[in-house]
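Here are the chains, one letter per residue:
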Amino acid sequence: MQNLLDLEPAALAQFFAERGEKPFRARQVSRWLHQRFAGDVASMTDLAKPLRAALAGVAEIRAPSVLRDTTASDGTRKWLLDAGNGNAVEAVYIPEDDRGTLCISSQAGCALDCAFCSTGRQGFNRNLTTGEIVGQLWHANRTLLAEGIRGPWVDAGRAPITNVVMMGMGEPLANFDNVVPALRTFLDDNAYGLSRRRVTLSTSGLVPWIDRLRDECPVALAVSLHAPTDALRDRLVPINRKHPLSTLMAACVRYLERAPRDFVTFEYVMLDGVNDQPGHAQALIALVRDVPCKLNLIPFNPFPDSGFATSPRERVRAFAHALQDAGIVATIRKTRGDDIDAACGQLAGRVHDRTKRRLAARIPIVAAH
Ligand code: SAH
Ligand code: SF4
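Residues numbered from 1 in each chain as written. Chains lettered and ligands numbered in written order. Predicted model: local features only at pLDDT ≥ 70, side-chain atom pairs only at ≥ 80, totals over all residues. Heavy atoms only, no water.

Asker: Can you help me understand the overall build of the protein in this one?
Answerer: Of regular secondary structure, the protein possesses 13 helices and 14 strands. The globule rule puts the C-alpha radius of gyration for 369 residues at 21 Å, and the 21 Å found for the protein is close to it. Structurally, the protein occupies a C-alpha span of about 70 × 50 × 40 Å along its principal axes. Expressed as a percentage of the 369 residues in the protein, the buried residues total 55%. Pairs at least 24 apart in sequence give 67% of the contacts found in the protein among residues at least 6 apart. Accessible surface, the protein: about 15,700 Å² in total, of which carbon and sulfur atoms supply 50%. Between the averaged position of the 45 positive side-chain charges in the protein and that of its 40 negative side-chain charges there is a distance of 3 Å. (Helix = DSSP H or I, 4+ residues; strand = E, 2+ residues; numbered from the N terminus. Rg over C-alpha atoms; globule rule 2.2 N^0.38 Å. Buried < 20%, exposed > 50% of the residue type's maximum accessible area, 1.4 Å probe, protein only. Contact = heavy atoms within 4.5 Å. Areas by Shrake-Rupley, 256 points an atom, 1.4 Å probe, with all protein chains shown as cover. Lys, Arg positive; Asp, Glu negative; His and termini not counted. Charge placed at Lys NZ, Arg CZ, Asp CG, Glu CD.)

Listed below in structure tokens is the structure:
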């Protein structure tokens, strides 16, 4: 069976062409899938009955199934999704007054092993398919709409999720072949129709793939910097040994030639005593001098045996002020969903292990929502 969520716009057009259908059929089905969130072919009522019957025999709509659904006190909501073989990934919905953001995963686990990341600690399990990546957005929109979510843009007929950030589990550029078709689906007018500025991909710095993304599907770019020198970054973000800072900064500048925004967002996790000293701020200012950028300082989210601690609030503020004094736009990320472990870098860490044990023991998981 062909999972229709696996097909990016061009592939969906080809799927229908191969069946002798006109291109507008693909667009029609795409709108059913990605704008009305149809759960099966039978509900696509403006398709002729014989076509529906034929489609039902060869195609299905399959998003990852939900293992657990939890909502934090601040409204942040986390879906734990089955990735098979005891693996789980997460999608996190972050509601705000003027937008709905979904943080999406691209891999079960991650091979890049950044020192402070609980996803990295799990090791790499597998790449998610395009359908599993698109399925996260499909599922969030479908669920929120069915529950009657309100908001000015929803009342005006737009989907609940207005912004996507590829900042969940995994390194999206290490799963380029499945991530880019998903991005194209997010952007397509007959699918989610999001503007390139509202889709952000975060990478730890896979330089050749940053160039490919620029050429094939530029969206807003966030780069996980976390250290201003190669010596320190080699330790914190091991991929730096392969793609050091000078090449990474050059790739960012090249990216900006085609990017939908005129800056790159640098993420910088604040680790107590490791990368949060005044000297680090000064080195960082020098490093990014020639790259139009914004700095996003992320309070470290601790997890058991991480070996790191969160920088004190005052030190984060001082660090931000040092950057601002040098003319750099610097913000401190508000932590969201703390009480359900939904914040950056915590995704499916502890939860994953617990769930794995439950799956192994075949104990049913009851939705906590
Ligand atoms: N692999 C990609 C995207 C997923 S991680 C990347 O590394 O960019 C999303 C962000 O969360 C990255 O900036 C990552 O460095 C950060 N992060 C990872 N672990 C964290 C932790 N424990 N606390 C705070 N941020 C963390
Ligand atoms: Fe992978 Fe990103 Fe975690 Fe590094 S920070 S281990 S690249 S998910």
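Asker: Explain the site of ligand 2 to me, please; I cannot follow it from the model alone.
Answerer: With respect to spatial proximity, the complete set of residues near ligand 2 consists of Cys110, Leu112, Asp113, Cys114, Cys117, Gly120, Gly170, Glu171 and Ser204. In the shell around ligand 2, the residues fall into four nonpolar, three polar and two charged. (Near = heavy atom within 4 Å. Nonpolar A, V, L, I, M, F, W, Y, C, P; charged D, E, K, R; others polar.)

Asker: Looking at this model, I keep getting lost on the packing of aromatic side chains. Mind explaining?
Answerer: Each pair of aromatic rings is reported with the distance of its centres and the angle of its planes. Scanning the entire structure with this criterion turns up seven aromatic pairs. With a centroid separation of 6.1 Å and an interplanar angle of 70°, the aromatic rings of Phe300 and Phe308 are classed as edge-to-face. Here the aromatic residues Phe37, Phe186 and Tyr192 are joined through ring pairs into a cluster of three or more. One Lys or Arg, Arg19, reaches over the ring of Phe15 and ends 3.9 Å from the middle of that ring. Positioned above the aromatic ring of Trp32, the side-chain terminus of Arg36 is 3.8 Å from the ring centre. (Phe/Tyr/Trp six-rings, centres within 6.5 Å; stacked < 30°, edge-to-face > 60°. Lys NZ or Arg CZ within 6 Å of the ring centre and 35° of its normal.)

Asker: What am I meant to see in the nonpolar core here?
Answerer: Taken as a class, soluble globular proteins show a tendency for nonpolar side chains to be buried jointly. Counting 107 residues, the largest nonpolar core has Leu4, Phe116, Leu183, Phe186, Leu213, Phe266 and Leu295 as its most contacted members. Apart from the residues lying within four places of it in its own chain, the contact partners of Phe116 are His226, Leu236, Val237, Val269, Leu271, Phe300, Phe303 and Phe308. Judged by nonpolar contacts, the second largest core, of nine residues, contains Val92, Ile94, Met167 and Ile340. (Core = buried A, V, L, I, M, F, W, Y, C linked by side-chain atoms within 4.5 Å.)

Asker: What is the right way to read the pairing of strand 6 (residues 99-103) from this model?
Answerer: Regular strands have side chains that alternate between both faces of the sheet. Strand 6 sits mainly inside the fold: four of its five residues count as buried. Direction of pairing for strand 5 (residues 88-96) relative to strand 6: antiparallel, over a ladder of five bridges. Within strand 6, the residue paired with Pro95 across the bridge is Gly100. Between strand 5 and strand 6, which follow one another and run antiparallel, lie two residues. Across three bridges, strand 6 lies against strand 9 (residues 163-166) in parallel orientation. (Pairing = 2+ DSSP bridges.)

Asker: Whenever I open this one, the site of ligand 1 confuses me. Can you help?
Answerer: Residues in contact with ligand 1 amount to 19 residues; listed here are only the nearest, Phe116, Gly170, Ser202, Ser224 and His226. Within the backbone of Gly170, a nitrogen or oxygen atom sits 2.9 Å from a nitrogen atom of ligand 1. Contacts to ligand 1 include His226, whose side-chain N or O atom sits 2.6 Å from an oxygen atom. Look at ligand 1: alone it shows 530 Å² of surface, and the protein chains cover 95% of it. By residue class, the composition of the shell around ligand 1 is eight nonpolar, nine polar and two charged. (Polar contact = N/O pair within 3.5 Å; in protein donor to acceptor, adjacent residues only side chain to side chain.)

Asker: What am I meant to see in the pairing of strand 4 (residues 77-82) here?
Answerer: For strand 4, the tally of buried residues reaches five of six residues, placing the bulk of the element in the interior. Note: strand 3 (residues 66-71) against strand 4, five bridges, orientation antiparallel. Within strand 4, the residue paired with Arg68 across the bridge is Leu80. Adjacent in sequence and paired antiparallel, strand 3 and strand 4 are bridged by five residues, among which Gly75 carries a positive phi angle near 95°. Of the strand pairs in this sheet, strand 4 and strand 5 are connected by six bridges, and their pairing is antiparallel. In the strand pairing of strand 5, Leu80 is matched with Glu90. Where strand 4 folds back on strand 5, the antiparallel hairpin that results is connected by five residues, among which Gly84 adopts a positive phi of roughly 80°.

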